[in-house]
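One-letter residues, chain by chain:
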Amino acid sequence: MAEWLLSASWQRRAKAMTAAAGSAGRAAVPLLLCALLAPGGAYVLDDSDGLGREFDGIGAVSGGGATSRLLVNYPEPYRSQILDYLFKPNFGASLHILKVEIGGDGQTTDGTEASHMHYALDENYFRGYEWWLMKEAKKRNPNITLIGLPWSFPGWLGKGFDWPYVNLQLTAYYVVTWIVGAKRYHDLDIDYIGIWNERSYNANYIKVLRKMLNYQGLQRVKIIASDNLWESISASMLLDAELFKVVDVIGAHYPGTHSAKDAKLTGKKLWSSEDFSTLNSDMGAGCWGRILNQNYINGYMTSTIAWNLVASYYEQLPYGRCGLMTAQEPWSGHYVVESPVWVSAHTTQFTQPGWYYLKTVGHLEKGGSYVALTDGLGNLTIIIETMSHKHSKCIRPFLPYFNVSQQFATFVLKGSFSEIPELQVWYTKLGKTSERFLFKQLDSLWLLDSDGSFTLSLHEDELFTLTTLTTGRKGSYPLPPKSQPFPSTYKDDFNVDYPFFSEAPNFADQTGVFEYFTNIEDPGEHHFTLRQVLNQRPITWAADASNTISIIGDYNWTNLTIKCDVYIETPDTGGVFIAGRVNKGGILIRSARGIFFWIFANGSYRVTGDLAGWIIYALGRVEVTAKKWYTLTLTIKGHFASGMLNDKSLWTDIPVNFPKNGWAAIGTHSFEFAQFDNFLVEATC
C-alpha cells in the first residue's frame, strides 16, 4: 500500500511539474500537489494557539544621503514609471514604508541634503526633493507610513560645537518644525520620527522631543530610537521608566537578523530600521530575500527598511547601485527595475501593516526559512526562501556559513486555515540567466482534497509566495530608453524664475548647498544664478570637506573644458573654484583629487591637484576682488591643463598626471556665499 501511495505521489508530482512547466518553463518544476510520503521536513502553520507579533511593513530609505538626487530630473513618463515600480500597490515593490532624511546641510553618504532651516530665522519647506517624493508616494499609496530621521544638522544648532544636543529644546524645536511644515505646506502626516542616524542618542533629548511633540498636538507621531545598535538604548530603557514610555520602537541597523536580549525584554516593537545596503544584483536580491524572512524568525523584527530606495546618484559615488532599483540617467531616461524590486513584491504585495505573523514560523531542515502572516479575516500569506550563503551575502554584517540543499518541504494548514481551498503561487529563481525567473505567477494550488497540506520541492536561491490574495501583479511598462553617457556638451544658465526644485539639474552637492537664486542686485545678465548658501559648517555626520563643492557630469571624462561665471561675495577671505577630473565624492570628498582652478578675493589665484589645496601646481597674483563677476575657463587635455580669466590666458600647460578622469565641479574656498552662472562643459572623451 505504501509503495502504491508513493508511486501515486510521484505520478501526481510529474503531472504537476508538466502542467506548471507549460506556464513557467523549468521554473515551475518544484511545485507538487499533495505529495504523500514525500521525504523531507513537515511544517505546521496554525493559529490555534494565537498569533505572533504585529507586522509593521517593508520599506526603504531616501536619503542618507542624497540617494534620490537624480530622480527628480527624469523626464516624464519615465519618472512616474519609476515611482510606480516603487510605491504603486500590487504593481512592483509596493512599499509599505518610506523613510526620508531630514536634510541637515551636511554630507551624509553620497551628497548633502538641504535643511528647511539653514539659519536660525530661516524656514523654507520647499527645499530639496524629499517633500515631493513623500507626496508622490502618498499619491500612489495613501496608507504608506512616513518616517523622518536626521543625519546632519545645520551648524547654528550646535552654537559652535559639532553636536546637536547643546540645547535640547532648540534641536527638538527644529525637528518638530519639520513635522509641522510637512503637514502645513504639503498635507503630509509624519508617522514616526528618529533621533540621530547611527550616532549618539541623548535620553533627555528624546524626552524633550516627546513633550514638544505632544505640546504641538502631535501625540500620534511615534518615536524610533536609536537607529544604531540594539545597545545601549535597550538597556537604558529598562533602567529609565520615562525613557521606556516615550520610545515606541527600537530600531537597529544591519542587525544580521538577530536582536539583543535587552531589546526583546522591553517588549517594544523591534525594527531593522536600516538594512540591505548591497549592490542590487541577484546577490543583493538574495540578501534582501533572506533578511526579509529571517529578521522576524531570528530577531522578532516586524519591519525591515532598505537603504536605499532607488540608486539615483552618480554610480561612482560610494555604494553605487545599492538601491532597490537603479535610476541614474535622467539625461537619457534610462532606468533598470532590478531584482530586489521583485523580491520585495513577494512580501509587500501580499501583506499589509496590521497583519500578524503566525507563531509557527522558522527555518527549513536543509536551509532556508518560511514565515506566514494573516490579516485575521481568513487570509493567509506564506513566504518561503532558500537563499544560499554564496548568493545572499549582504554588505554587512559578516554572514556565518550555512548550507542550503535541495529538499522536499510539506506544509500543513491547521486552525482557521485548514479549510482554505486554494492558494495563489508566485515564484522567483535567482542565478543563471537560463534558469532565472522574477516574480512569476504559477498555477494555483488546490487544497480541497489534501487535508490542507501541500509539498514543495525546493532548490537553492528560490522564493515562493503562497497566498489567498488574488490581487498580485507583476506590473510593467514598455522598455525605457537605452543607456546613454552624460552629454559631452552641457550648459546651464540657471535662468529659472520659479523653480519647482531648489537645486539645478544634475549638480550633486558634496559639501555645502547650491540653490537657485534670484539676484535682486543684478537685473541684467546675472539676475538668476546658482548660489552656495551655507556660511557655517553643519553639525556633521560624515567627514565633510572644509570647502564646498558640487559635482556634475561623466566620471569617465578625461579631456574637457569647463567655463563658468563666478561671483565671490566675501571680501578679502572669499574664494571660488571650477574643477575637472574630480575623482572622489560622498563620504570620501575630503580626499578628492582633480585639477582645481581657484581665484580669491585677496587678488590671488591658485591651481591645485586636490580639493584640500595641499598639492599646489601654480599660484600667483591677479586682479580679482569680491562683489564682481569673473569668467573662469579650465581646459584639461592629456597630461596638461590651462586656465583663463575673462577669456585671457592666466596659466598654461601645467603638467597633470593624476587623476586620469573624473567629474566637473564648482565650489567655494570655505563655507561662504558665492554665485555661479552660465556653466558650460565640453568634453571630447
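Remember, it's a predicted structure, so these values are computed and weren't measured experimentally.

### Notes on the overall build of the protein
- What the protein contains, in helices and strands, is 10 helices and 37 strands.
- Over its C-alpha trace the protein gives a radius of gyration of 28 Å, about what one expects of a compact globule, namely 26 Å for 685 residues.
- Projected onto the principal axes, the alpha-carbon positions of the protein cover approximately 100 × 55 × 40 Å.
- Burial status across the protein gives 62% buried among its 685 residues.
- Taking as baseline every contact in the protein between residues at least 6 positions apart, the subset at least 24 positions apart corresponds to 72%.
- Each charge class in the protein was averaged separately, 58 positive and 66 negative side chains, and the resulting centres sit 3 Å apart.

### Side note on the packing of aromatic side chains
- Considering all chains together, one arrives at 49 aromatic pairs under this definition.
- With a centroid separation of 5.7 Å and 85° between ring planes, the pair formed by F55 and Y357 is classed as edge-to-face. Remark: Y357 occurs in strand 14 (residues 356-358) and F55 occurs in the loop between strand 2 (51-54) and strand 3 (57-62); sequence separation between them is 302 residues. An identical accessibility class is assigned to F55 and Y357; each is buried.
- Between Y85 and W342, the ring centres sit 6.3 Å apart and the planes meet at 90°, which makes this aromatic pair edge-to-face. Taken together, the residues span a long stretch of sequence, with Y85 in helix 2 (residues 78-87) and W342 in helix 10 (residues 339-348) at a distance of 257 residues. The same class applies to Y85 as to W342, namely buried.
- Clustering of aromatic rings is evident, with ring pairs tying together Y85, F91, Y335, W342, F350, W426, F439 and Y477.
- When the ring centre of F244 is taken as origin, the NZ or CZ atom of K268, which lies over that ring, is 4.5 Å away.

### Observations concerning the pattern of salt bridges
- For the coordinates displayed, the defined rule picks out 18 salt bridges.
- Residue K183 pairs with D189 through a salt bridge whose shortest N-O separation is 3.3 Å.
- The class of D189 is partly exposed, set by a relative accessible area of 31%.
- Put simply, K563 and D647 hold a salt bridge, and the shortest N to O gap is 3.1 Å. With K563 in strand 28 (residues 560-568) and D647 in the loop between strand 34 (640-645) and strand 35 (648-655), this pair connects stretches of sequence that are 84 residues apart.
- We classify K563 as partly exposed; its relative accessible area is 29%.
- The partly exposed category is assigned to D647, whose relative accessible area is 47%.

### Some points on the UniProt feature "domain: Glycosyl hydrolase family 59 central" (unreviewed entry) in the protein
- Look at the UniProt record and you will see "domain: Glycosyl hydrolase family 59 central" (unreviewed entry) annotated at residues 357-472.
- The distance separating the terminal C-alpha atoms of residues 357-472 is 20 Å; by composition the span is 0% helix and 46% strand.

### What about the domain arrangement of the protein?
- Assigned domains of the protein: these are domain 1 (51-467) and domain 2 (489-684).
- Its C-alpha centre places domain 1 at a distance of 37 Å from the equivalent point of domain 2.
- The partner domain 2 presents 35 residues to the 44 residues of domain 1 that form the contact.
- In this assembly, domain 1 packs against domain 2 so that about 3100 Å² is buried in total across both faces, 56% of it on carbon and sulfur atoms.
- Area buried by domain 1 at its contact with domain 2 is led by R69, Q107 and Y314, which between them contribute 22% of it.

### A short note on unusual backbone geometry
- Cis geometry is found at the peptide bond from G64 to G65, where omega equals -5°.
- Summarising the element assignment, G65 is placed in the loop between strand 3 and helix 2.
- You will see that E198, though not glycine, has its phi angle at about 55°, which is positive.
- As for its placement among the helices and strands, E198 is situated in the loop between strand 6 (192-193) and helix 5 (203-215).
- If you check the backbone angles, R321 has positive phi at about 55° while not being a glycine.
- Within the element layout of this structure, R321 appears in the loop between strand 11 (310-311) and strand 12 (325-329).

### A word on the sheet that holds strand 5 (residues 145-150)
- Pairing in this closed barrel of eight strands is parallel, and the strands run 3-4-5-6-7-8-9-10 around the ring.
- Sheet topology places strand 3 next to strand 4 (residues 97-102); four bridges connect them, and they run parallel. Its bridge partner being in strand 4, A60 is matched across the sheet by L98.

### Observations concerning the side chain of Q328
- Tracing the chain through its elements places Q328 in strand 12.
- We classify Q328 as buried; its relative accessible area is 14%.
- A distance of 2.6 Å separates the side chain of Q328 from the side chain of E315, its partner in a polar contact.
- Ignoring sequence-local partners within four residues, the contact set of Q328 consists of L70, Y74, A311, S312, Y313, E315 and R321.

Analysis parameters
- Residues numbered from 1 in each chain as written.
- Predicted model: local features only at pLDDT ≥ 70, side-chain atom pairs only at ≥ 80, totals over all residues.
- Heavy atoms only, no water.
- Helix = DSSP H or I, 4+ residues; strand = E, 2+ residues; numbered from the N terminus.
- Rg over C-alpha atoms; globule rule 2.2 N^0.38 Å.
- Buried < 20%, exposed > 50% of the residue type's maximum accessible area, 1.4 Å probe, protein only.
- Contact = heavy atoms within 4.5 Å.
- Lys, Arg positive; Asp, Glu negative; His and termini not counted.
- Charge placed at Lys NZ, Arg CZ, Asp CG, Glu CD.
- Phe/Tyr/Trp six-rings, centres within 6.5 Å; stacked < 30°, edge-to-face > 60°.
- Lys NZ or Arg CZ within 6 Å of the ring centre and 35° of its normal.
- Salt bridge = Lys/Arg side-chain N within 4 Å of Asp/Glu carboxyl O.
- UniProt positions renumbered as here; feature names shortened; annotations may be inferred.
- Domains from an automatic or database assignment.
- Buried area = accessible area lost by both parts, 1.4 Å probe.
- Pairing = 2+ DSSP bridges.
- Polar contact = N/O pair within 3.5 Å; in protein donor to acceptor, adjacent residues only side chain to side chain.

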